[in-house]
Amino acid sequence: MAIIDEELTHMDKNSAPDSAPYHHGNLRASLVAAAIELLARVDGGAPSLREVARLAGVSIAAVYRHFPSKEALLAEVAVDGFARLNTRWRENLPDVAQAGAEQRFQLLGEHYVQFALAAPAHYRLMFEHQDLRRFPDLERAARDCFLFVLDAAAATVREAGADARWALPAANAAWALVHGYVMLSLGGRLTLSGATLDLPATLLPRFLRLPPEALPGPR
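Residues numbered from 1 in each chain as written. Predicted model: local features only at pLDDT ≥ 70, side-chain atom pairs only at ≥ 80, totals over all residues. Heavy atoms only, no water.

**Student:** Describe the overall build of the protein, listing the residues and the values that go with them.
**Tutor:** Across its full length, the protein holds 10 helices and zero strands. Each helix and strand of the protein, ordered N terminal to C terminal, gives the series α-α-α-α-α-α-α-α-α-α. Burial statistics for the protein: of 219 residues in total, 38% are counted as buried. Counting contacts in the protein only where the partners sit at least 6 residues apart, residues at least 24 apart contribute 67% of the total. (Helix = DSSP H or I, 4+ residues; strand = E, 2+ residues; numbered from the N terminus. Buried < 20%, exposed > 50% of the residue type's maximum accessible area, 1.4 Å probe, protein only. Contact = heavy atoms within 4.5 Å.)

**Student:** Account for the pattern of salt bridges, naming residues and giving values.
**Tutor:** Going through the model one piece at a time under the given rule, you end up with five salt bridges. Between Arg 28 and Glu 76 there is a salt bridge whose closest N-O contact spans 3.4 Å. In this pair, Arg 28 is assigned in helix H2 (residues 27-41) and Glu 76 in helix H5 (residues 70-92), connecting sequence segments 48 residues apart. Classification of Glu 76 as partly exposed rests on a relative accessible area of 22%. (Salt bridge = Lys/Arg side-chain N within 4 Å of Asp/Glu carboxyl O.)

**Student:** If you had to explain the nonpolar core to someone new, which residues and values would you point to?
**Tutor:** One finds Phe 82, Trp 89 and Tyr 112 to be the most contacted residues of the largest nonpolar core, which totals 64 residues. Where this core is concerned, the elements lending two or more residues are H2, helix H3 (49-56), helix H4 (60-66), H5, helix H7 (101-118), helix H8 (120-128), helix H9 (136-160) and helix H10 (167-186). Other than its neighbours up to four places away in sequence, Phe 82 contacts Met 126, Phe 127, Leu 138, Ala 141, Ala 142, Cys 145 and Trp 175. (Core = buried A, V, L, I, M, F, W, Y, C linked by side-chain atoms within 4.5 Å.)

**Student:** Explain the packing of H2 against H5 residue by residue, including any values.
**Tutor:** Where H2 contacts H5, the axes come no closer than 9 Å and their chain directions differ by 85°. Relative to H5, the element H2 is oriented roughly perpendicular. Mapping the contact onto sequence places Arg 28, Leu 31, Val 32, Ala 35, Ile 36 and Leu 39 in H2 and Leu 73, Glu 76, Val 77, Asp 80 and Arg 84 in H5. Residue composition of the contact of H2 with H5, grouped by class: seven nonpolar, no polar and four charged. (Axes fitted to C-alpha atoms, helices over the stretch in contact; angles between N-to-C directions. Parallel < 35°, antiparallel > 145°, perpendicular 65-115°, else oblique. Nonpolar A, V, L, I, M, F, W, Y, C, P; charged D, E, K, R; others polar.)

**Student:** Account for H2, naming residues and giving values.
**Tutor:** For H2, which comprises 15 residues, the first-to-last C-alpha distance of 21 Å matches the rise-based estimate of 21 Å (1.5 Å per residue) to within 8%. Among the residues of H2, Leu 27, Ser 30, Leu 31, Val 32, Ala 34, Ala 35, Ile 36, Leu 38 and Leu 39 are the ones counted as buried. (Expected span 1.5 Å × (residues − 1).)

**Student:** Can you lay out the packing of H5 against H8 for me, pointing to particular residues and giving the numbers?
**Tutor:** In a packed pair of helices, the relevant descriptors are the angle between the two axes and the axis-to-axis distance. Between H5 and H8, the least distance of the axes is 9 Å, while the angle of their chain directions is 110°. Between H5 and H8, the crossing angle belongs to the class labelled roughly perpendicular. Mapping the contact onto sequence places Leu 74, Val 77, Ala 78, Asp 80, Gly 81, Phe 82 and Arg 84 in H5 and His 122, Leu 125, Met 126 and Phe 127 in H8. The class makeup of the residues in the contact of H5 with H8 is seven nonpolar, two polar and two charged.

Rendered as structure tokens:
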């Protein structure tokens, strides 16, 4: 409560929101949307609760009624990011029967990279937030995304005739590959002086292959 009292004491009662207020039929969702908008405006810095309240057109007290801390609000923003990624996969990836499991797995990686590069600040927050165990909803959202990857990896392993135990290593390798690519790309570490990206995002997933020892038959 001390934090809340301090925020209320320093709040300028005569200040007006710097943009049109959000629709407040669901204030919690409006606050998350405002935080996401602020993240996109300034890549690299998390917005304060006062900035979120101002953009949403509400008092800081209204924010605290839904989120007890800045970390709690940012955790919800991260949940939103994982949910969007999961929805993107579900709505855009072809069925295995249409494209084959391996191609679907590769397309999953392409969509991951596109999602991350289109909203870098939101993406970073998804993976740089504090201990997931403090925020069960965030832990579940991250796990749901990984389970989607694991399911796609398992289908790829089955298609290749490999032992099912290779599904988890394949899923972990895929996530590590695309996440590493995104972070290096956002940091400008994949670009040579005066050159384009050394590894196009569309080509990246093709480098993920099951190791020879996972495949049936003589090696």
